[in-house]
Amino acid sequence: MKKRATGAPASDFSLRAMVYDPKIRSIFFQVSTAIIFVILVWMISHNVAENLARSNTASGFDFLKRRAGFDIGDSLIPYTADSSYGRAIFVGFLNTLLIAAIGIVTATIIGFLIGLGRLSHNWLISRLCTVYVEIFRNIPPLLVIFFLYKGVLGVLPNVKDSLEIPGVHIFLNNRGLVFPKAVWGEGSVWIAIAFAIAVVASLLIRRWSYKRQMATGQQFPIFKVAAGLIIGLPLLVFLVLGAPLSFDIPQGGRFNISGGSSILPEFFALYIALSLYTGSFIAEIIRAGIRGVPKGQTEAATALGIQPSTTTRLVVVPQAMRIIIPPLTSQYLNLTKNSSLGIAVGFPDLVATGGTTLNQTGQAVEVVLIWMVVYLSLSISSSLFMNWFNAKMALVER
Amino acid sequence: MKKTILSAAIGAAAIAATAPAASATTLETVKAKGFLQCVVNSGLAGFAQPDAAGNWNGFDVDYCRAVASAIFNDPTKVKFTPTTAQTRFPALQSGEGDVLFRNTTWTISRDTALGFNFRTVNYYDGQGFMVPKKLEVKSALELSGAAVCVQSGTTTELNLADYFKANNLQYNPVVFEKLEEVNAAYAAGRCDVYTTDQSGLYSIRLGLSNPDEHVILPEIISKEPLGPAVRQGDDQWFDIVSWTHYALVQAEEFGITKANVDEIKASTTNPDIKRFLGVEKDTKIGTDLGLTNDWAYNIIKGVGNYGEVFERNIGEGSSLKIKRGLNALWSKGGLQYAPPIR
């Protein structure tokens, strides 16, 4: 081969050399990819702009300031039909955040318990946990949501026959769970401040006690002190202020139970369904993480005379975390994104309120852009947080 | 080399996909593909609903068939795009459908900002409320505190908010995207009240397991002129869709039905009817519209007149039994009126 190449004319040789030069090749491919990408982006945006102009559809983000005119059933912030489209979308965004946040917490707890359960030596527990994982992992989340929603609506009684916990004014019916709403009186902001001070103080004490233990070996009852601070300090302030708390008690109206706070069945179905569904994946991740720690680690710890509980806490779990965290991040992102399925049961999340806005204003491109940007930034922020957490938990090698 | 071929292919495909459509008119496009693509409701008894065999039936569906008859002289040359309240407008905007017949209310913002054109009203409707009889509600003004089921992205949703605010009433909205989901929620007792256009309420009540236990309240809280929409920028197509409706109405006024249209066409001496059915010598009415001169004859031959379409799908001849009311001919005290066809 080499001989023929050298025998070839000089121009052919340099061309061949260029074609087969990995460096030139790589530059060529990168440049052409970049060009195609730019052309694609340009064509798509140009096409969109042209089509919008041709169909005489209004464009721009001015519509966000206009009056929405529709009501939303479940809102964390004050919202009426007089609020703007922008606020309607924000209400949906907060609902999405809420579902994602509490869903992640619940799914993690479920996942942890089930994952440990599958590792249990107790035959019944481990089999039950296996059944759980296999069921929820293999059903599409939308069906789980539907099943729970129809189940909730089907099982619960009508308003007239509400289940009631007497004395505490808690009602349960197919319109949701209604309970007394705490109404904080004047000066109650001080209670929150006291709580924040207690938390900060506990953290400082923990740091101090750790240092002292490192230096002197003396232990400090950190848990009891912190618990006392965090519960006691706000309670003290609360009593000093003269207990500025009253309750908005729900009462039976002609149609519904009015007053109080309520958890709507749509929210409940979505929240539980996502937690159960994602929990089954997290269980497997936890199990894999713990199984992934070499047995020798436990044996070595035992040989050193470390107690089994301490071994789990200080030897197995920290090493398992390294395996657990990256796939766990993906599950958190999945849960956040799956919350958009709430539209199927009428939960007013970002997609639902955005969809209504889209339909009333006809500004599809803008609304879809908002959706994408919001989900993207949500996902990226959770990724960044989990990466930071991962770096913190990573094995420090000496 | 594989990589470059692949990227070239992707590039070519992208160019093909994003190249602006040639500036053919909608009529030319429809004729070229051989059928009308009609955007309809995904399922509203009496207006647009597929039967067990998958054949679409209903008032809106017959309008699609009427337009197809006018163009192809064949009411079966229609394909349907079932849509939710939210997907109907993008479906028309993007060109997925040629015309929207989906019990859609004509409003100024839809006529302007959304880039559509409305002209004819094939059904004068108004928003109403349905409640279970056992709640013993007599008027919508008693509904304060009720949970109200409504479909998202409709004018209904907006009217509801306005009506309750104007009358200082409280309510909890229970909002779903799909009509089927709203129906299910109402049937399950998730809400006390169902609100939508009155015609829709009649249709939905029929689908409940016990229609007699539900009552439609007397209040009509809005004007809901339902009519076809087309994209802006194609006046010829807009005219065809509009005049299809006028032809249906005019046929009823003339007393021309699907059954007697042949007989009348052969024997009539009335110059108005001769011009209408395209038997007048050297008439250009149909060709000026971009169709054939017997376009109106084809429409009536295909689906009948307005009264027939109404009775068959939603009137006394159907299970909905909606009275003509505002939708009677202007000569009979209603609002249906066709401009002169001359």
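As the structure is a computational prediction, the values presented were derived from the model and not from experiment.

Side note on the nonpolar core
Soluble, globular proteins show a tendency: their nonpolar side chains are buried together.
Turning to step 1, where the next piece is worked out: Core analysis: the largest hydrophobic core is formed by 159 residues, its most contacted members being Ile145(A), Leu270(A), Cys64(B), Val67(B), Val148(B) and Cys149(B).
Turning to step 2, where the next piece is worked out: With 14 residues, helix H9 (residues 265–291) of chain A is the largest single contributor of residues to this core.
Turning to step 3, where the next piece is worked out: When neighbours within four sequence positions are excluded, Val67(B) is seen to be in contact with Leu36(B), Val99(B), Ile240(B), Val241(B) and Thr244(B).
Turning to step 4, where the next piece is worked out: Listed in part, the 5 residues of the second largest apolar core include Val159(A), Phe171(A), Phe179(A) and Ile257(A).

Quick look at the sheet that holds strand E8 (residues 127–132) of chain B
Residue and element names in this part refer to chain B.
Turning to step 1, where the next piece is worked out: The 5 strands are arranged E10-E9-E11-E8-E12 in an open sheet whose pairing can be described as mixed. Among the strands making up the open sheet, the edge pair consists of strand E10 (171–176) and strand E12 (214–216). The mean inter-strand angle of the sheet, taken between neighbouring strand axes irrespective of direction, is 30 degrees.
Turning to step 2, where the next piece is worked out: Relative to E12, E8 is paired through 3 bridges, and the arrangement is antiparallel. Along E12, the bridge assignment pairs proline 132 with histidine 214.
Turning to step 3, where the next piece is worked out: Running over the sheet, helix H6 (residues 155–166) touches E8, strand E9 (146–151), E10 and strand E11 (193–197) and is turned about 155 degrees from E9.
Turning to step 4, where the next piece is worked out: Contacting E8, E11 and E12, helix H8 (residues 198–207) crosses the sheet at an angle of about 125 degrees to E11.

A word on the packing of helix H10 (residues 295–303) of chain A against helix H11 (residues 308–338) of chain A
Residue and element names in this part refer to chain A.
Turning to step 1, where the next piece is worked out: Running from N to C, H10 and H11 point in directions that differ by 155 degrees, and their axes come no closer than 10 Å. Between H10 and H11, the interaxial angle falls into the category roughly antiparallel. Relative to H11, the crossing made by H10 is right-handed. Together, Gln297, Thr298, Ala301 and Thr302 of H10 and Thr311, Val315, Val316 and Gln319 of H11 make up the contact between the two elements.
Turning to step 2, where the next piece is worked out: Looking at side-chain class alone, the contact of H10 with H11 contains 3 nonpolar, 5 polar and no charged residues.

A closer look at the interface of chain A and chain B
Turning to step 1, where the next piece is worked out: Listed as interface residues are 43 residues of chain A and, on the opposing side, 39 residues of chain B.
Turning to step 2, where the next piece is worked out: At the level of elements, helix H3 (22–54), helix H6 (141–155) and helix H12 (350–361) of chain A are the ones that each hand at least two residues to the side of chain A that touches chain B.
Turning to step 3, where the next piece is worked out: Of all the elements, H3(A) adds the most residues to the side of chain A that touches chain B, at 11 residues.
Turning to step 4, where the next piece is worked out: Of the residues assigned to the side of chain A that touches chain B, the class counts are 17 nonpolar, 21 polar and 5 charged.

Description of the sheet that holds strand E1 (residues 163–165) of chain A
Strand pairing in a sheet relies on backbone hydrogen bonds. The paired strands run either parallel or antiparallel.
Residue and element names in this part refer to chain A.
Turning to step 1, where the next piece is worked out: Judged by pairing direction, the sheet is antiparallel, and its 4 strands sit side by side in the order E1-E2-E3-E8 without closing on themselves. Unpaired on one side and paired on the other, E1 and strand E8 (261–263) mark the two borders of the sheet. Within this sheet the neighbouring strands show an average axis-to-axis angle of 15 degrees, counted without direction.
Turning to step 2, where the next piece is worked out: Sheet analysis places strand E2 (residues 170–173) next to strand E3 (residues 176–179), joined by 3 bridges and oriented antiparallel. By the bridge assignment for E3, leucine 172 is matched with leucine 177.

Observations concerning the domain arrangement of chain B
All names here are of chain B.
Turning to step 1, where the next piece is worked out: What the domain assignment reports for chain B is domain 1 (26–124 + 226–332) and domain 2 (127–222).
Turning to step 2, where the next piece is worked out: Distance from the C-alpha centre of domain 1 to the C-alpha centre of domain 2: 29 Å.
Turning to step 3, where the next piece is worked out: Listed per partner, the contact involves 17 residues of domain 1 and 16 residues of domain 2.
Turning to step 4, where the next piece is worked out: Split by residue class, the side of domain 1 that touches domain 2 holds 8 nonpolar, 9 polar and no charged.

Topic: H11(A)
Residues and elements named next belong to chain A.
Turning to step 1, where the next piece is worked out: With 31 residues, H11 extends just 39 Å between its outermost C-alpha atoms, more than 12% less than the 45 Å of an ideal straight helix rising 1.5 Å per residue.
Turning to step 2, where the next piece is worked out: Largest kink in H11: about 40 degrees, centred on isoleucine 324, with the proline proline 326 one to four residues after it.
Turning to step 3, where the next piece is worked out: For H11, the full list of buried residues reads Ala320, Met321, Ile324, Leu328, Gln331, Tyr332, Leu335, Thr336 and Asn338.
Turning to step 4, where the next piece is worked out: Packing partners of the buried residues in H11 comprise helix H4 (85–119), H6, H9 and helix H13 (364–393).

Regarding the environment of Gln151(B)
Residue and element names in this part refer to chain B.
Turning to step 1, where the next piece is worked out: Mapped onto the secondary structure, glutamine 151 falls in strand E9.
Turning to step 2, where the next piece is worked out: Sequence spacing of glutamine 151 and leucine 179 is 28 residues, and the spatial spacing of their C-alpha atoms is 6.3 Å.
Turning to step 3, where the next piece is worked out: Excluding residues within four positions of it along the chain, glutamine 151 makes contact with Ala85, Thr156, Phe176, Leu179, Val182 and Thr196.

What to know about the environment of Asp71(A)
Turning to step 1, where the next piece is worked out: Looking at where Asp71(A) falls in the secondary structure, it is placed in the loop between H3 and H4.
Turning to step 2, where the next piece is worked out: On the basis of neighbour count, Asp71(A) is assigned to the buried category, with 24 C-beta atoms found within 10 Å.
Turning to step 3, where the next piece is worked out: Taking the C-alpha atoms as reference points, Asp71(A) and Ala81(A), 10 residues apart in sequence, are found 5.1 Å from one another.
Turning to step 4, where the next piece is worked out: Excluding residues that lie within four positions of it along the chain, Asp71(A) makes contacts with Ala81(A), Ala161(B) and Pro173(B).

Section: the packing of helix H7 (residues 189–216) of chain A against helix H8 (residues 222–240) of chain A
Residues and elements named next belong to chain A.
Turning to step 1, where the next piece is worked out: Where H7 meets H8, the closest approach of the two axes is 8 Å, and the angle between their N-to-C directions is 160 degrees. Considered as vectors, H7 and H8 are oriented roughly antiparallel to each other. Judged by the twist between their axes, the crossing of H7 over H8 is right-handed. Every residue of H8 that contacts H7 at Trp190, Ile191, Ala194, Phe195, Ile197, Ala198, Val199, Ala201, Ser202, Ile205, Arg206 and Ser209 is listed here: Ile222, Val225, Ala226, Leu229, Ile230, Leu233, Pro234, Val237 and Phe238.
Turning to step 2, where the next piece is worked out: Its residues assigned to classes, the contact of H7 with H8 comprises 18 nonpolar, 2 polar and 1 charged.

Section: the domain arrangement of chain A
Turning to step 1, where the next piece is worked out: Here the domain parsing of chain A yields domain 1 (2–54), domain 2 (85–180 + 264–393) and domain 3 (184–248).
Turning to step 2, where the next piece is worked out: If you average the C-alpha positions of domain 1 of chain A and of domain 2 of chain A, the two centres end up 45 Å apart.

Analysis parameters
Residues numbered from 1 in each chain as written. Chains lettered and ligands numbered in written order. Predicted model: local features only at pLDDT ≥ 70, side-chain atom pairs only at ≥ 80, totals over all residues. Core = buried A, V, L, I, M, F, W, Y, C linked by C-beta atoms within 7 Å. Buried ≥ 20, exposed ≤ 12 C-beta atoms within 10 Å, placed from the backbone. Helix = DSSP H or I, 4+ residues; strand = E, 2+ residues; numbered from the N terminus. Contact = placed C-beta atoms within 7 Å. Pairing = 2+ DSSP bridges. Axes fitted to C-alpha atoms, helices over the stretch in contact; angles between N-to-C directions. Parallel < 35°, antiparallel > 145°, perpendicular 65-115°, else oblique. Left-handed = near helix turned anticlockwise from the far one by under 90°. Nonpolar A, V, L, I, M, F, W, Y, C, P; charged D, E, K, R; others polar. Domains from an automatic or database assignment. Expected span 1.5 Å × (residues − 1). Bend = angle between axes of the 7 residues up to and from the residue.

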